[in-house]
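Inside the fold
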Amino acid sequence: MHHLWSAIKRFFGMDYGWNVMTFARVAVDPVSARELTRVLQPVPTIRLRPEPAVTVHADHQPPFTWHGITDAGLMRTQNEDCLAMLDLGRSAFFAVADGMGGHDAGEVASRIAVDTVSREMHDDPAESGDPLALVAQSIRAANTAVKQAALRKASNMGTTLTTALVIGKTAYVGSVGDSRAYWIGDGSITQITRDHSLVARLVEAGRLSKEDARTDLRSNLLFRNIGSVDAVEVDVFRVPLSGGILLLCSDGLWGELGDDEIRNICTEEERTEVMCARLVQQANANGGKDNITAIVVKVA
Ligand code: CA
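Figured I'd write up the structure that's included with this text. (Residues numbered from 1 in each chain as written. Predicted model: local features only at pLDDT ≥ 70, side-chain atom pairs only at ≥ 80, totals over all residues. Heavy atoms only, no water.)

1. With respect to unusual backbone geometry
With a phi angle near 50 degrees, A154 is a residue other than glycine that sits in the positive phi range. With respect to the secondary-structure elements, A154 resides in the loop between α3 (131-152) and β7 (158-159). Its identity is not glycine, yet D186 carries a phi of approximately 55 degrees, on the positive side. Within the element layout of this structure, D186 appears in the loop between β10 (180-185) and β11 (188-191). (Helix = DSSP H or I, 4+ residues; strand = E, 2+ residues; numbered from the N terminus.)

2. With respect to the side chain of N225
Structurally, the position occupied by N225 is in the loop between α5 (210-215) and β12 (235-240). Note on N225: relative accessible area 2%, which makes it buried. (Buried < 20%, exposed > 50% of the residue type's maximum accessible area, 1.4 Å probe, protein only.)

3. Here we look at helix α7 (residues 259-268)
All of the buried residues in α7 are D259, I262, I265 and C266. Viewed along the axis of α7, the buried residues span an arc of 135 degrees, placing them on a single side of the element. Contacts from the buried residues of α7 go to β10, β11, α5, β13 (244-249), α6 (251-254) and α8 (272-285). (Arc of directions from axis to C-beta. Contact = heavy atoms within 4.5 Å.)

4. Some details on the packing of α7 against α8
Relative to each other, α7 and α8 sit at 150 degrees, their axes nearing to 9 Å. Regarding the angle of α7 to α8, the classification is roughly antiparallel. Judged by the sense of rotation from one axis to the other, the crossing of α7 with α8 is right-handed. Counted together, E261, I262, I265, C266 and E268 of α7 and M275, R278, L279 and Q282 of α8 form the full contact between these two elements. For the contact of α7 with α8, the class distribution of residues is five nonpolar, one polar and three charged. (Axes fitted to C-alpha atoms, helices over the stretch in contact; angles between N-to-C directions. Parallel < 35°, antiparallel > 145°, perpendicular 65-115°, else oblique. Left-handed = near helix turned anticlockwise from the far one by under 90°. Nonpolar A, V, L, I, M, F, W, Y, C, P; charged D, E, K, R; others polar.)

5. Details of the packing of helix α2 (residues 105-119) against α3
Between α2 and α3, whose axes approach to 8 Å, the crossing angle comes to 145 degrees. Relative to α3, α2 is oriented so that their crossing is right-handed. Contacts from A109, I112, A113, T116 and V117 of α2 reach α3 at S138, I139, A141, A142, A145, V146 and A149. A breakdown of the residues in the contact of α2 with α3 according to their chemical character gives ten nonpolar, two polar and no charged.

6. Thoughts on the nonpolar core
In this structure, F93, I139, L161 and L165 are the most contacted members of the largest nonpolar core, which totals 30 residues. Residue assignment for this core shows that the elements contributing at least two residues are β5 (81-87), β6 (91-100), α2, α3, β8 (161-167) and β9 (170-176). With eight residues, the top contributor of residues to this core is α3. Excluding anything up to four places from it in sequence, L161 contacts A95, V96, A97, A113, V114, V117, I139, A142, G174, S175, V176 and I226. If you look at the next biggest cluster of nonpolar residues, it comprises 22 residues, including W66, A164, V173 and L241. (Core = buried A, V, L, I, M, F, W, Y, C linked by side-chain atoms within 4.5 Å.)

7. Looking at the pairing of β8
Taking burial as the measure, the seven residues of β8 include seven buried ones, the bulk of the element. Across the two faces of β8 the burial is the same, with L161, T163, L165 and I167 and T162, A164 and V166 all buried. In terms of strand pairing, β8 meets β9 through seven bridges, oriented antiparallel. Bridging from a neighbouring strand, T163 pairs with G174 of β9. In textbook terms, the turn of a hairpin is the stretch between consecutive antiparallel strands, and for β8 and β9 this stretch comprises two residues, one of which, G168, has a positive phi near 60 degrees. (Pairing = 2+ DSSP bridges.)

Next comes the structure, spelled out in structure tokens:
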């Protein structure tokens with residue numbers, strides 16, 4: 001319980017005097033009556049003041065260490081990304097959400113999603129007989145919570161949500177949307193999750209290169225997200241971990257950095273906080289067009 005409370009306090013920034021989940025990002029227009037798909041249209045914004053990189057520390061917890069960071073980037077005055085890192089004793093839980101919905105809705109959606117999946121981890125997940133089912137169920141609960149909030153506010157808010165429950169040397173990853181999980185080990189980088197976006201479908205169909213997809217103007221078109229439909233389909237992945245880095249990130253990171261750049265930074269640095277700082281620094285150096293969030297989990 002103490003661990004959970006400490007984690008909740010960290011999650012809400014209560015240890016640091018700031019709020020991790022504040023801010024907002026981008027205007028969103030529904031492009032279909034069913035609202036299954038949304039167009040994120042970048043809004044011209046003036047940067048009113050520097051947004052310092054926000055870093056969340058977590059306790060050292062062998063056999064893995066972790067660190068997370070979120071940054072508004074250079075073009076947006078608000079940050080609609082949200083992250084959570086929970087030390088659950090015999091397991092650890094991580095979540096990244098990238099909200100959308102315009103006005104203040106995006107920040108609300110990503111926060112509700114991350115808050116809900118975190119609460120779903122209240123019992124010792126290491127005791128769970130089926131961690132993948134727990135991960136999927138928690139994301140479905142987040143979908144219900146965001147959907148209900150959207151109905152209450154008559155809002156088209158939504159969010160991506162990518163989570164990882166790490167028990168021992170296995171990660172149970174769940175994802176909806178285009179925030180990603182990667183595994184970096186043995187000098188290579190592997191994308192664990194599949195983006196639920198139009199451009200990802202075009203890449204899979206061989207009609208667009210992965211490199212071109214990162215900068216494609218349609219890259220914000222998602223066909224699956226949290227908060228749009230009553231029953232969301234959740235992708236889940238069981239990932240054995242050994243000697244490498246598990247990375248969760250929003251598209252503000254992978255949209256600015258190629259896979260090789262991400263791999264190089266994560267393999268060149270020893271300390272997770274330095275990896276996070278360099279990832280954000282490079283994303284901003286490459287344009288910083290979107291909010292940037294990264295969680296790195298270093299596994300011995
Ligand atoms: Ca984003």
